[in-house]
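Structural description and commentary
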2 protein chains.
Amino acid sequence: MSLRYLSARVAQQIDDELMSAAGAYSLDQLMELAGQACAVALARVYDKAKYPRVLVCCGPGNQGGDGLVAARHLGFFGYKTSVFMPKPGSKEIYQRLKTQCDNMQILTTSDLDSLKTALASSDVILDAIFGFSFKPPVRAPFDEVLPLLTRSRLPIVSVDIPSGWDVEGGRPSSPLPGTDGSGGKKVDALDPDVLISLTAPKEGVREYRGRHFLGGRFVPKSFGEKFGLNLPEYPTTDLVVELLAPSENTANKL
Amino acid sequence: MSLRYLSARVAQQIDDELMSAAGAYSLDQLMELAGQACAVALARVYDKAKYPRVLVCCGPGNQGGDGLVAARHLGFFGYKTSVFMPKPGSKEIYQRLKTQCDNMQILTTSDLDSLKTALASSDVILDAIFGFSFKPPVRAPFDEVLPLLTRSRLPIVSVDIPSGWDVEGGRPSSPLPGTDGSGGKKVDALDPDVLISLTAPKEGVREYRGRHFLGGRFVPKSFGEKFGLNLPEYPTTDLVVELLAPSENTANKL
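Sequence order as written defines the numbering, with residues in each chain counted from 1. Numbering of ligands from 1 and lettering of chains from A proceed in the order in which they are written. At least 70 in pLDDT is required for a residue's local features to be given in this predicted model, at least 80 for side-chain atom pairs to be given and counted, and no such filter applies to totals for whole chains, interfaces and linings, which use all residues. Side-chain descriptors were evaluated using all non-hydrogen atoms of the structure, hydrogens and water having been removed beforehand.

Observations concerning the overall build of chain A
Think of it this way: any DSSP run of H or I at least four residues long counts as a helix, any run of E at least two long counts as a strand, and we number them from the N terminus. Helices and strands together make up the secondary structure of chain A, namely eight helices and eight strands. By the compact-globule yardstick of 18 Å for 254 residues, chain A fits well, its C-alpha radius of gyration being 17 Å. In terms of overall dimensions, chain A has C-alpha extents of about 45 × 40 × 40 Å along its principal axes. Working definition: with a 1.4 Å probe on protein chains only, accessible area under 20% of the residue-type maximum means buried, over 50% means exposed, and in between means partly exposed. Burial status across chain A gives 58% buried among its 254 residues. Any two residues whose heavy atoms approach within 4.5 Å are treated as being in contact. Taking the intrachain contacts of chain A between residues at least 6 apart in sequence as the baseline, contacts between residues at least 24 apart amount to 77%. Placing the 28 positive and 29 negative side-chain charges of chain A at their respective mean positions leaves the two points 2 Å apart. Note on method: radius of gyration uses C-alpha positions; expected globular size equals 2.2 Å times residues raised to 0.38. Charge counting follows a simple rule: Lys and Arg are positive, Asp and Glu are negative, and His as well as the terminal groups are ignored. We put the charge of a Lys on NZ, of an Arg on CZ, of an Asp on CG and of a Glu on CD.

Structure (structure tokens):
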């Protein structure tokens with residue numbers, strides 16, 4: 001039984017059910033556990049002794065909220081953390097999560113000049129820009145943000161789906177068209193070194209070959225069975241589990 | 001600089017500030033992180049291979065909510081978990097947390113006969129009955145519950161303050177008087193093997209000599225400084241840190 005890769009529709013359906021009367025989770029709870037798992041995955045790969053400075057890039061949706069939670073936990077883990085969030089989400093939870101970051105002396109910036117400055121003094125990027133509800137094309141200001149992140153050559157940890165990738169179709173093979181009237185301006189998709197999938201991986205990352213973690217130790221077994229997720233076991237009390245690339249899985253079976 | 005032990009009043013003040021506009025945490029967030037830390041502390045000491053069955057005893061206040069969160073995480077960690085909760089709290093969050101346990105096939109019972117049955121088929125108890133707002137005497141039905149827990153001779157992990165202890169005065173040296181008109185019926189205080197203090201330890205556990213963990217990696221440094229908590233460093237991405245008994249601390253300094 002292999003792990004199920006989710007379409008955007010099924011991913012949304014699982015999230016909705018987890019927060020329905022049946023699942024009974026609040027957004028606060030799920031965002032806390034998701035963001036915490038992202039922070040733990042980053043820390044698993046990028047030791048703070050060698051990579052002390054983390055730049056968390058947050059989008060305007062729920063994934064931006066996961067990013068704010070991750071930034072706070074990374075702060076508690078001892079990383080020097082900053083946040084780039086050009087379009088804060090409108091839900092009140094984002095303001096609360098941002099205040100929690102403020103209380104950790106985590107600086108949040110929103111303009112491209114600040115992003116350039118932050119990139120010059122960071123060791124690793126957490127990409128919490130677009131989640132599974134992203135639909136191309138990449139809109140401003142993110143059409144300028146993604147190329148800046150790529151050009152920084154910093155290692156990137158992406159949450160759920162690398163920003164700029166199609167949730168189901170995967171990495172675009174040619175630049176996505178711009179939408180700002182600049183006439184087909186090049187928009188990059190990110191090529192992360194590490195991916196942390198939440199709940200279950202999305203269809204678009206089937207061919208992803210970097211280090212791949214799964215987080216979301218909050219999906220009850222009955223939900224996992226209902227949606228045929230075939231989730232792996234998480235070890236001990238860990239909040240993330242590393243998934244092996246299909247070739248490694250085969251190797252292990254031989 | 002030594003760790004500060006909190007009075008009930010200061011513990012309440014810190015909780016209030018964490019959830020004020022300044023702290024910006026929601027009850028859902030803090031309860032999730034607190035309960036998760038309790039589950040991790042228990043798992044650190046009681047390996048599920050040797051202690052697979054955990055009985056979580058929940059009181060009617062916020063600590064009962066921490067217990068429900070811990071029960072769910074213990075379920076995810078692979079423990080066979082059950083909950084005893086004779087007086088569910090009235091806030092709606094308790095109902096949601098209970099539904100989350102139901103979804104994990106965690107059985108919740110509320111009467112003393114069921115407690116006796118559950119004790120006979122458990123390996124370790126998580127005591128989430130009374131927290132730092134507890135004021136003696138122990139009221140029904142807990143005046144009967146605590147002696148049953150003690151008589152089970154199962155190992156006990158207490159949250160914040162062992163149930164039956166005075167939050168500031170510590171373990172009562174003589175039985176607390178009953179309040180049910182039965183004329184001074186004996187009421188036991190628990191003697192836990194493990195204690196998990198949340199945020200910072202309470203004055204009443206200064207003389208506690210079992211294994212002692214601290215959880216609550218959510219108190220911003222500025223809050224810690226304001227309240228003079230002198231919190232220890234948490235290692236790596238751990239959610240709990242073990243506190244050494246004063247004698248061990250001295251030994252380490254020599």
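Additional details are given in the paragraphs that follow.
Here we look at the sheet that holds strand S4 (residues 124–128) of chain A
All names here are of chain A. Here, strands pair whenever DSSP counts at least two bridges between them. With respect to topology, eight strands assemble into an open sheet ordered S3-S2-S1-S4-S5-S6-S7-S8, the strand pairing being mixed. Of all strands in the sheet, those bounded by a partner on one side alone are strand S3 (107–109) and strand S8 (240–243). Neighbour to neighbour, the strand axes of the sheet diverge by 20 degrees on average, direction disregarded. Axis definition: a line fit to C-alpha positions, over the contact stretch in the case of helices; interaxial angles, taken between N-to-C directions, run 0 to 180 degrees. On the sheet, helix H3 (residues 62–77) packs against strand S1 (53–58), strand S2 (80–84), S4, strand S5 (156–159) and strand S6 (194–198) and is oriented at approximately 165 degrees with respect to S1.

With respect to the packing of aromatic side chains
Here a pair means two rings of Phe, Tyr or Trp (six-membered ring of Trp) with centres within 6.5 Å. Their orientation is stacked below 30 degrees between planes, edge-to-face above 60, and tilted elsewhere. Scanning the model with the defined rule gives 10 aromatic pairs over all chains in all. Between A:Phe130 and A:Phe142, the aromatic rings sit 5.3 Å apart at their centres with planes inclined by 65 degrees, giving edge-to-face as the arrangement. Residue A:Phe130 is located in the loop between S4 and helix H6 (142–152), and its partner A:Phe142 is located in helix H6; the two are separated by 12 residues in the primary sequence. One exposure class covers both A:Phe130 and A:Phe142, and it is buried. Residues B:Tyr46 and B:Tyr51 carry aromatic rings whose centres are separated by 4.8 Å and whose planes lie at 75 degrees to one another, so their mutual orientation is edge-to-face. A residue is classified by how much of its surface remains accessible, and B:Tyr46, at 7% relative accessible area, is buried. Taken together, the aromatic side chains of A:Phe130, A:Phe134 and A:Phe142 make up a single cluster linked through ring pairs.

Brief notes about the relation of the copies chain B and chain A
When the copies are overlaid, the least-squares fit takes in C-alpha atoms only where the residue has pLDDT of at least 70 in both copies. Least-squares fitting of chain B to chain A yields an RMSD of 0.0 Å, with the transformation described by 0.0 Å of translation along the axis and a rotation of 180 degrees. The transformation relating the two chain copies, once decomposed into turn and shift, fits a two-fold axis. Residue by residue, 100% of the interface of chain B is reproduced at the interface of chain A, so both copies engage with the same surface.

Re the side chain of A:Gln29
Tracing the backbone shows A:Gln29 in helix H2 (residues 27–45). What A:Gln29 contacts, discounting residues up to four positions off in sequence, is A:Ala24, B:Asp28, B:Glu32, B:Arg72, B:Arg96, B:Leu97 and B:Gln100.

Topic: the interface of chain B and chain A
Facing the 33 residues of chain B at the interface are 33 residues of chain A. Carbon and sulfur atoms supply 55% of the area buried between chain B and chain A, which totals about 2,700 Å² over both sides. Whenever a carboxyl oxygen of Asp or Glu lies within 4 Å of a side-chain nitrogen of Lys or Arg, that contact is scored as a salt bridge. Between chain B and chain A we count zero salt bridges in total. In the analysis that follows, any N or O atom pair within 3.5 Å is treated as a polar contact, provided that within protein one partner can donate a hydrogen and the other can accept it, and provided that, for residues neighboring in sequence, both atoms belong to side chains. Here chain B and chain A share 13 residue pairs in polar contact (both at pLDDT 80 or more) between them. Contributions of two or more residues to the side of chain B that touches chain A are made by helix H2 (27–45), helix H3 (62–77), helix H4 (92–102) and helix H7 (221–226) of chain B. Looking at the side of chain B that touches chain A element by element, the count peaks at seven residues for H2(B). Looking at the side of chain B that touches chain A, its residues break down into 16 nonpolar, 12 polar and five charged. Buried area is understood as the total, over both parts, of accessible area removed when two parts are fitted together, assessed with a 1.4 Å probe. Ten residue types, Ala, Val, Leu, Ile, Met, Phe, Trp, Tyr, Cys and Pro, are classed as nonpolar, four, Asp, Glu, Lys and Arg, as charged, and the remainder, Gly among them, as polar.

Notes on the confidence of the model for chain A
Residue and element names in this part refer to chain A. The predictor rates its confidence in each residue with pLDDT, a number between 0 and 100. Summarising the model, chain A shows a mean pLDDT of 92, and 91% of its residues fall at 70 or more. Below a pLDDT of 50 lies the segment residues 180–185, which in the model reaches seven contacts outside its immediate sequence neighbourhood of four places, other chains included. Note on residues 249–254: pLDDT under 50 across the span, and two contacts to partners over four residues away in sequence or across chains.

Regarding H2(A)
Residue count minus one, scaled by 1.5 Å, sets the expected span of a helix. Compared with an ideal rise of 1.5 Å per residue, which puts 19 residues at 27 Å, H2(A) spans 27 Å between its outermost C-alpha atoms and is within 8% of the ideal. Of all 19 residues that make up H2(A), 16 are buried, and the element is covered over most of its length.

What about the pairing of strand S4 (residues 124–128) of chain B?
Residue and element names in this part refer to chain B. In terms of burial, S4 is a largely internal element, five of the five residues being buried. Alternating positions in S4 separate into two faces, Val 124, Leu 126 and Ala 128 on one and Ile 125 and Asp 127 on the other, with burial throughout. Alignment of strand S1 (residues 53–58) against S4, held across five bridges, turns out to be parallel. Across the sheet, residue Cys 57 finds its bridge partner in S4, namely Asp 127. We call a crossover right-handed when, viewed with the strands running away from us, the connection from the first strand over the helix to the second turns clockwise. Between S4 and its parallel partner strand S5 (residues 156–159), the chain crosses via helix H6 (residues 142–151), and the hand of that crossover is right-handed.

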